[in-house]
Amino acid sequence: SEAFELAPFARRLPGRRRLDWPLDYAEEADWNGKRAILVANGPGQWLAAKSVRVAIQRSGSDIQAVFSVGLCGGLDPALQDAQLVIASGVSEVAGSGVYTVKALPADKGIKEGLVFSGDRVICTVEEKRTLRELGGDVVEMEAAGVAEQAKALGVPFYCVKAVSDRADEALSFDMNQMRTSEGRFSRGRIIRYAVTHPWVLPGLFRLKRRSEQASEVLGDFLVGCRV
C-alpha cells in the first residue's frame with residue numbers, strides 16, 4: 001500500500017516514532033497497549049511482501065500478527081464509497097493461492113467478503129464484472145503478498161479494506177501504464193499524461209477525494225479495533 005492509506009490511522013496513535021528502514025514508510029506506535037509497526041512500500045504483491053520481510057528481519061520474533069490494510073476496488077455492486085470490507089478470505093486473481101484470514105469484530109454495516117488480490121490495477125467495469133462472476137467482493141494488489149509472509153512466519157493474518165472505487169466505476173486511464181519496472185506508480189508519468197489528456201483530470205480528482213475519505217474511515221475503524 002501507499003503511505004497515505006495509513007496516515008489517518010497513524011496520526012491517531014500515541015508514541016509514534018519513525019523507523020529508519022529501507023522502505024517508503026515505516027513507523028512504530030502504541031496501538032491499544034501493543035506495539036504496532038506500520039509499513040508501506042508501494043503497490044503490488046512483491047513490494048508489499050518486501051515490507052513485511054523487512055519488518056520481520058528488523059523485529060525478529062516480536063511480530064505476533066500481520067495485517068493487510070488499505071484501499072480496494074468494489075466488485076460487489078452493493079458496496080458504496082468508503083465502505084469497509086473485512087476479508088473472509090484472500091484469493092490470488094491468478095488462482096494460484098487462497099489464504100485463510102482471521103476474523104475481526106465488525107460493526108453493523110461493515111461487510112465481510114472475499115478479497116481478490118492481483119499484481120495489476122483493475123481499471124474497467126468489464127474487468128470488475130468478470131472478477132465478480134468468479135466470486136470476488138473486492139479487488140486490490142497487496143493482500144496475497146502480505147498473507148504469504150504471515151503464513152511463512154506462522155502468525156495470524158488479518159485483512160480489512162476500504163472501497164475507493166465502486167463496481168460501476170472505471171478509472172480514467174490505464175494506471176498499469178503509469179508504473180515503473182519495480183511496480184511503483186510514477187507520479188511524473190501520471191502528471192505528464194494528465195497534462196496532455198486534461199479530460200482525465202475530473203476522474204483523477206474524484207479518485208483522490210474518494211481515496212482520502214476511504215483512508216479516514218479505515219483509520220477510524222483500526223484505531224478502535226482490538227484483537
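Report on the accompanying structure. On a predicted model such as this, the values are computed, not experimentally measured, just so you know. (Residues numbered from 1 in each chain as written. Predicted model: local features only at pLDDT ≥ 70, side-chain atom pairs only at ≥ 80, totals over all residues. Heavy atoms only, no water.)

## Observations regarding the packing of helix H2 (residues 45-59) against helix H4 (residues 143-153)
What describes two packed helices is the angle between their axes and the distance between those same axes.
So, point 1. Packing of H2 against H4 brings their axes to within 7 Å, and their N-to-C directions diverge by 35°. Where H2 crosses over H4, the handedness of that crossing is right-handed. Within the contact between the two elements, H2 uses Gln45, Ala48, Ala49, Val52, Arg53 and Ile56 and H4 uses Ala144, Gly145, Val146, Gln149 and Leu153.
So, point 2. Residues that form the contact of H2 with H4 fall into these classes: seven nonpolar, three polar and one charged. (Axes fitted to C-alpha atoms, helices over the stretch in contact; angles between N-to-C directions. Helix = DSSP H or I, 4+ residues; strand = E, 2+ residues; numbered from the N terminus. Left-handed = near helix turned anticlockwise from the far one by under 90°. Contact = heavy atoms within 4.5 Å. Nonpolar A, V, L, I, M, F, W, Y, C, P; charged D, E, K, R; others polar.)

## A short note on the nonpolar core
So, point 1. Core analysis: the largest hydrophobic core is formed by 30 residues, its most contacted members being Trp21, Val66, Val90, Val115, Val138, Phe157 and Cys159.
So, point 2. Mapped onto this core, the elements with two or more residues apiece are H2, strand S4 (66-74), strand S5 (84-92), H4 and strand S9 (157-165).
So, point 3. Beyond its immediate sequence surroundings of up to four residues, Val90 is in contact with Gly97, Val98, Tyr99, Val101, Leu114, Val115, Ser117, Ala143, Ala144, Phe157 and Cys159.
So, point 4. One finds Leu13, Ala40, Ala82 and Phe221 within the second-largest nonpolar core, a separate group that totals 25 residues. (Core = buried A, V, L, I, M, F, W, Y, C linked by side-chain atoms within 4.5 Å. Buried < 20%, exposed > 50% of the residue type's maximum accessible area, 1.4 Å probe, protein only.)

## Some points on unusual backbone geometry
Backbone phi values are negative for most residues with the exception of glycine, while trans is the configuration of most peptide bonds.
So, point 1. The phi dihedral of Asn32 is positive, around 55°, even though this residue is not glycine.
So, point 2. The class of Asn32 is partly exposed, set by a relative accessible area of 30%.
So, point 3. The phi dihedral of Ala82 falls on the positive side, at around 65°, and the residue is not glycine.
So, point 4. Counting through the fold element by element, Ala82 comes out in the loop between S4 and S5.
So, point 5. Overall, Ala82 belongs to the buried group, its relative accessible area being 9%.

## A short note on the packing of aromatic side chains
So, point 1. What the rule picks out here adds up to four aromatic pairs.
So, point 2. Pairing Trp31 with Phe67 gives two aromatic rings, centres 5.3 Å apart and planes at 65°, and the pair type is edge-to-face. Of the two residues, Trp31 sits in strand S2 (residues 25-31) while Phe67 sits in strand S4, which places them 36 residues apart along the sequence.
So, point 3. Take Phe67: its relative accessible area is 22%, and that puts it in the partly exposed class.
So, point 4. With 4.7 Å between their ring centres and 40° between their planes, Phe173 and Tyr193 make a pair best called tilted. (Phe/Tyr/Trp six-rings, centres within 6.5 Å; stacked < 30°, edge-to-face > 60°.)

## Examining the pairing of S5
So, point 1. With eight of its nine residues buried, S5 lies for the most part within the structure.
So, point 2. Strand direction decides the pairing type here: S5 and S9, joined by three bridges, are antiparallel. Within the sheet, the bridge partner assigned to Val85 lies in S9 and is Lys161.
So, point 3. Inspection of the sheet shows S5 paired to strand S7 (residues 111-117) by seven bridges, in the parallel sense. Its bridge partner being in S7, Glu92 is matched across the sheet by Ser117. (Pairing = 2+ DSSP bridges.)

## Describing the sheet that holds strand S1 (residues 17-18)
So, point 1. Taken together, three strands build an open sheet; the order of strands is S1-S2-S3 and the sheet is antiparallel. Strands with a single pairing partner mark the edges of an open sheet, and in this sheet they are S1 and strand S3 (34-40).
So, point 2. The pairing of S1 with S2 spans two bridges and is classified as antiparallel. Across the sheet, residue Arg18 finds its bridge partner in S2, namely Glu27.

## Section: the state of the cysteines
So, point 1. Applying the stated rule across the entire model yields zero disulfides.
So, point 2. The structure places no disulfide on Cys72, whose sulfur is separated from the nearest cysteine sulfur, that of Cys159, by 8.5 Å.
So, point 3. By relative accessible area, Cys72 is classed as buried at 3%.
So, point 4. Cys123 forms no disulfide, and the closest cysteine sulfur to it belongs to Cys72, at a distance of 15 Å.
So, point 5. Cys123 sits in the buried class, given a relative accessible area of 6%. (Disulfide = S-S within 2.5 Å.)

All we've got here are geometric facts, nothing functional implied.
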